[in-house]
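# Topology and contacts: notes
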Amino acid sequence: MALSVTRYSIPEEMERGSVVANLAADLGLDLSGLAQREVTLDFLHSKKYLDVNKRTGELYINEKIDRENLCQMKTTCYIKLDLIIKSPLRIFNIELEITDINDNAPHFRMDRVELDVSESATSGERFSLPNAIDPDVGSNTIKTYQLSESEHFTIDIHAGSDGTKYVELVLKKDLDRENQAVHSLILTAVDGGVPARSGNANIIVRVLDTNDNAPQFNRQAYTVNMSENSPIGTLVTKLNATDADEGANAELTYYFTLYTSEKTQEMFALNQGTGEITVKGTIDFEDMNIYDMHIEAKDNGPAPLSGQCRVTVHVTDMNDNYPEITVKSLKDTLKEDVPVGTVIALVGISDRDTGDNGKVNLTINKQMPFLLNKTSESHYELIVAQPLDREKIPEYEITLLVTDSGTPPLTDNETITVHLLDINDNAPQFPQTFYTIPVMENNAPGALLSSLTALDPDLHENQYLVYFIIEKEIVNISMSMLFSINPENGNLYALKTFDYEIEKEFLFHIEARDSGVPPLCSNVTVHIIIMDQNDNTPIIVSPWRAHGSVVEEKIPRSTDKGSLVAKVIAIDTDSVHNSRIAYQFLVNTDATLFSLDQYNGEIRTMRMFSYRDARHQRLVVIAKDNGDPALSATVTIKLSTVETAMKSYSDITEVHLEYDIFSDFYNLYLVIGLGSVSFLLLITILVTIVLKCQKPNPSKAAPPSRNSVISSERNSAFADSTLVSNDAYWYSMFLEQTRKGKLVVRQPAQQGARYVVSSLPRGTGITDTSDSAASTLQLLDVNDNVPQFPKPFYTIPVMENNAPGALLSSLSAFDPDLHENQYLVYFIIEKEIVNTSMSMLFSINPENGNLYALKTFDYEIEKEFLFHIEARDSGVPPLSSNVTVHIIIMDQNDNTPVIVSPWRAHGSVVDEKIPRSTDKGSLVAKVIAIDTDSVHNSRISYQFLLNTDNTLFSLDQYNGEIRTMRMISYRDARHQRLVVIAKDNGEPALSATVTIKLSTVETALKSYSDMTEVPLEYDIFSDFYNLYLVMGLGSVSFLLLITILVTIVLKCQKPKPSKAAPPSRNSVISSERNSTFADSTLVSNDAYWYSMFLEQTRKGKLVVRQPVPKGARYVVSSLPRGTGITDTSDSAASTLQLLP
């Protein structure tokens, strides 16, 4: 697109075919390619006067140009045209000026003019004559007028405001009608052309008799300004002429003179009687902006006299022309991935107004991903400004708005519709990133669990989705054996019946893939939660009894009212809601004697025993769960009263309550510990026996030599009489071995190739006396650099209660190779923790190593994870390395402290009794709270929320002990109420409270501190069963320690030197696989982990890292590491036989 304008000038009336200019030369166009391109001329508001010769590039005359016909009434004449060349598109603006030639002679509109002149006319009086017309302009138009010879008349020539020459007849000598009544004159108009042209008009002057006063205007020239488009009938001005005569000679009539053009007379009307000038036609500034009216006022005398004036009307431009829009080369269909900057349309604009009213601007009516690029004053390109997305907007209605600068501005618009074609650029999207689906246990196989439907906003095949379950195994059971998904609609079905008590949840992924090319996919995590049904009957665990038997209990007859005589405890393996147990009496021989707490199962006396009460009481208690329908179990308790003085059952059972809660677990831990130590003792004894029974075979063939001879088909690394054999898989191993001074052959050698390598200790100089043999090695390089992580171990802290999908860290490795050898892919090395795969907990982006959490972690359930991440390059063969990742779950203060002592039912008050004679400083109660958060958050501090007497009780904020601050007096209230808050150390802090009601009694009771000492000792030592367990655990542990010490002593004894082989410092190895050996120790494995290789070779051990042929023998010199090799070194060759 060109912004400049090329201008040419030619005279009018040139012959058809005349050459105007050579456009190819002027515009720099290539003639050779011009003929194959489409070339057109676009003329603005004119006929096709010109054309282009594509062969020569010349602009020539196609039709004769008549300047007077083309540009009437204009001093300059231009033809504007656009040269448009396509493939590629280029536009050139051309202006052609048409110059005038003198091809028209002047002529008068009237060939004969008759004038009546009074004989009383005085010298100098003027008479209007018709002016001649010459269509030519400039120097070719009328130059002067000439009058035939006359003694009475002459002419006066003057120019109008538009440059037009006007002529008047002037009386230079008084007339005498009697001498000459008529004067015949010839008026000649001559133009300025070469040669000059002329035209004539006859002037007939008739001399009239005396009417010697001519009308007079108050001004000779009037100037009026008015707006275009003024309504018809609008008054322009009113002329006022006067005549000093009287009668008919003073009556005036107004006329347009012959100087007033017909165009002007069509626009304006003159009232002959009043002299008012009004608008008659439509005044258009664009057609003519100045009107000259020559007005004559003539009297009605016998010889009418006249006066003349000139009225000039200046037309003011109004903004009355709307701008125009022309759209060319429109592309109405685009792909949604069309590049930014693509031209979709060419737009031209124009306005016929002038000045500010003709200045136009093109815009888009609203914000769109398109913009207009101005290429010239009147041309724009519509281009794509931003990436398009069909899924957001499938088509665009682009409204182009053109506005001029007039007041008020005028606008026009043009709407372009652009349709977008779809591409497969949207992956399927699930409405949720994580689905939690509850499934009731005991479901029917094939039951519909949920419908997981994804949405793809693309069209046609790009939106047709197929659903898959991403395969994953849990305890050797594939997900496809548990669940099935309909590939068409995403309906998820269960393939088996689930049991809440066996499996409580499943976590796996479902993928939705579209049918585009290439296909796009996304996946969603599905969390199946098995919901509990009340399908387990409560089990009575206390009081214990054989199946179906009756529990017999004895209580003293002197038991007080409210004493605890028995406690029924039942458990239910269902969920929390279904496992809530309620206790009721089915049979109670005396309803007035015993009560049962429906929540904790405590059976207490409602009154004292009397002599009328039966000696034996039978109670049947039903334990019913909270399910629907409820399930239950029963226990029968036979109570017998005795007369002997016994402690109240409540005192006895207080000990048993603590024992029920804690001692069983203590016994269990003792049994587990005893079994574990016994198992370790047995394993240690067996290993010791096996090691002592093995006898090494003496070496039979190891000739003295200082060289190592290797025959191998694989790569080898060796030095210091130590041969290291491996696949040369890791680049880091290459660096480590070469730093140690070892030779590393990193490419497979030809079968049967032999390498003889001098055995040189590191750190010694090579002198002439050095005993060594040279070897020539040819090394070929391949994909020999493994990916390297910046750190060998990553510790990543993760705050518990994290959002699923949160980014944990970015683990990026580096590979110095090039091209595909450095393109890395990251994997999590699969590892299961409690039947949960690492891929169910974490996910890594295979391209950039970003590590994400797939679930929300709970510090109280899982505190850390340890696994490996592998980075593998794309070489052949691929090389890889791994790094250890340690995920540490950071604790948040999300667990409220739990009051475990003193125990009470939820929300109830703890009742305690203390003797009134309690001394100062005595322990009356102890509050114990636990918090499952971490150490920092679980630190508990105790405070009084309510203390009825602040001078009587104190509370230790660290251990929760409540003690007396003084002795209790008779003035103190009998009942004291204490509310203790246990607050943790988190931020914000969480707390729990307990209410203790202390009652003082007059009877001689032991202090609370004395009573509580007994259960504490009982928990640890009183049970003989516990004592035997402790003694057994201690004995077995002692035996294990003695066995380990004996094993260490036996292993530290030096073995006798082998006598079957002479002293030798060489190692001879015959094998088809790689080997690493030293210190006569052979370790055979699959050589899978690089870390094992480094650890064993640093210890100086022989590591055979590939399977060897059956029957292969290795003779290895026994050389202590770190010692120099001299001729006196005492080494014994060992022959090692490996079994595959």
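You'll find the structure just up there.
Below or above, wherever it landed, is the structure these notes cover.

The next point concerns the nonpolar core. The biggest cluster of nonpolar side chains holds 28 residues, and the ones touching the most others in it are Val 20, Leu 23, Leu 29, Leu 50, Ile 79, Leu 83 and Leu 96. Every element with two or more residues in this core is listed here: strand S1 (5–11), strand S2 (19–22), helix H1 (23–27), strand S3 (39–43), strand S4 (50–53), strand S5 (58–61), strand S6 (78–85) and strand S7 (90–99). Discounting residues that sit within four places of it in the chain, Leu 83 has contacts with Leu 23, Leu 27, Leu 29, Val 39, Thr 40, Leu 41, Val 52, Arg 90, Ile 91, Phe 92 and Ile 94.

Another aspect to go through is the pattern of salt bridges. In the structure shown here, the tally under the stated rule is 25 salt bridges. A salt bridge links Arg 206 to Asp 116, with the nearest nitrogen and oxygen atoms 2.5 Å apart. Of the two residues, Arg 206 sits in strand S16 (residues 198–208) while Asp 116 sits in strand S9 (residues 112–118), which places them 90 residues apart along the sequence. Residue Asp 116 is classed as partly exposed on the basis of its relative accessible area, which comes to 33%. Between Glu 511 and Arg 513 there is a salt bridge whose closest N-O contact spans 2.7 Å. The class of Glu 511 is buried, set by a relative accessible area of 13%. A network of salt bridges, in which partner residues are shared, links Arg 112, Glu 114, Asp 116 and Arg 206.

Pairing between sheet strands relies on hydrogen bonds along the backbone, with the strands arranged either parallel or antiparallel. Pairing is antiparallel in the open sheet, where 4 strands are placed in the order S26-S28-S31-S30. Both outer strands of the open sheet, strand S26 (324–328) and strand S30 (370–376), are each paired with one neighbouring strand and no more. Sheet twist, expressed as the mean angle between neighbouring strand axes with direction ignored, is 30°.

Within the structure shown, the criterion is met by 18 aromatic pairs. Aromatic pair Phe 498 and Phe 506: ring centres 5.2 Å apart, planes at 50°, arrangement tilted. Exposure remark for Phe 498: the relative accessible area of 0% places this residue in the buried category. Taken together through their ring pairs, the aromatic side chains of Phe 483, Phe 498, Phe 506 and Phe 508 make up a single cluster. Across from the ring centre of Tyr 255, 5.6 Å away, lies the NZ or CZ of Lys 298, which sits over that ring. Here the basic side chain of Lys 863 rests over the ring of Tyr 859, its NZ or CZ set 4.8 Å away from the ring centre.

Under the definition given, this model contains 1 disulfide. Between Cys 71 and Cys 77 runs a disulfide, and the two sulfur atoms are separated by 1.9 Å. Sign of the S-S torsion, about 60° for the bond between Cys 71 and Cys 77, identifies this disulfide as right-handed. Pair check on accessibility: Cys 71 and Cys 77 agree, each one buried.

With that out of the way, let us pick up the sheet that holds strand S71 (residues 953–955). Here 3 strands make up an open sheet; going across it, the order is S68-S72-S71 and the pairing antiparallel. Both outer strands of the open sheet, strand S68 (923–926) and S71, are each paired with one neighbouring strand and no more. Strand after strand, the sheet turns through a mean of 20° between neighbouring axes, direction not considered. Here 3 bridges tie S68 to strand S72 (residues 961–964), and the two strands are oriented antiparallel to one another. What sits directly across from Lys 926, in S72, is Glu 961.

Its location among the elements puts Leu 495 in the loop between strand S40 (491–494) and strand S41 (505–514). In the structure, Leu 495 is positioned 16 residues away from Met 479 in sequence and 9.8 Å away in space, judged by C-alpha atoms. Setting aside residues no more than four positions away along its own chain, Leu 495 makes contact with Pro 445, Gly 446, Ser 480, Met 481, Leu 482, Phe 483 and Ser 484.

This part covers a nonpolar patch on the surface. There is a patch of nonpolar side chains on the surface, built from Phe 679, Leu 680, Leu 682, Ile 683, Ile 685, Leu 686, Val 687, Ile 689 and Leu 691 and spanning about 780 Å² of accessible area. Residue classification places Val 687 among the partly exposed residues on the basis of a relative accessible area of 43%.

Both trends apply: most residues other than glycine have a negative phi, and most peptide bonds are in trans. For the bond from Val 194 to Pro 195, the omega torsion is -5°, close enough to zero to count as cis. In this fold, Pro 195 is placed in the loop between strand S15 (182–191) and S16. In this structure, Pro 543 follows Ser 542 across a cis peptide bond, with omega equal to -5°. With phi around 65°, Asn 442 is a residue other than glycine that occupies positive phi space. With respect to the helices and strands, Asn 442 occurs in the loop between strand S34 (434–440) and strand S35 (448–451). Owing to a relative accessible area of 41%, Asn 442 belongs among the partly exposed residues under this scheme. For Asn 801, which is not a glycine, the phi torsion comes out positive at approximately 65°. Turning to its location among the elements, Asn 801 is positioned in the loop between strand S57 (793–799) and strand S58 (807–810).

Direction of pairing for S9 relative to S16: parallel, over a ladder of 7 bridges. Paired with Val 113 across the bridge in S16 is Ile 203. Here S15 pairs with S16 via 9 bridges, running antiparallel. In the sheet register, Val 190 faces S16, and the bridge partner there is Ser 198. Where S15 folds back on S16, the antiparallel hairpin that results is connected by 6 residues.

Cut-offs and rules
- Residues numbered from 1 in each chain as written.
- Predicted model: local features only at pLDDT ≥ 70, side-chain atom pairs only at ≥ 80, totals over all residues.
- Heavy atoms only, no water.
- Core = buried A, V, L, I, M, F, W, Y, C linked by side-chain atoms within 4.5 Å.
- Buried < 20%, exposed > 50% of the residue type's maximum accessible area, 1.4 Å probe, protein only.
- Helix = DSSP H or I, 4+ residues; strand = E, 2+ residues; numbered from the N terminus.
- Contact = heavy atoms within 4.5 Å.
- Salt bridge = Lys/Arg side-chain N within 4 Å of Asp/Glu carboxyl O.
- Pairing = 2+ DSSP bridges.
- Axes fitted to C-alpha atoms, helices over the stretch in contact; angles between N-to-C directions.
- Phe/Tyr/Trp six-rings, centres within 6.5 Å; stacked < 30°, edge-to-face > 60°.
- Lys NZ or Arg CZ within 6 Å of the ring centre and 35° of its normal.
- Disulfide = S-S within 2.5 Å.
- Patch = residues over 30% accessible without salt bridge, like charges linked within 9 Å, V, L, I, M, F, W, Y side chains within 5 Å.
- Areas by Shrake-Rupley, 256 points an atom, 1.4 Å probe, with all protein chains shown as cover.

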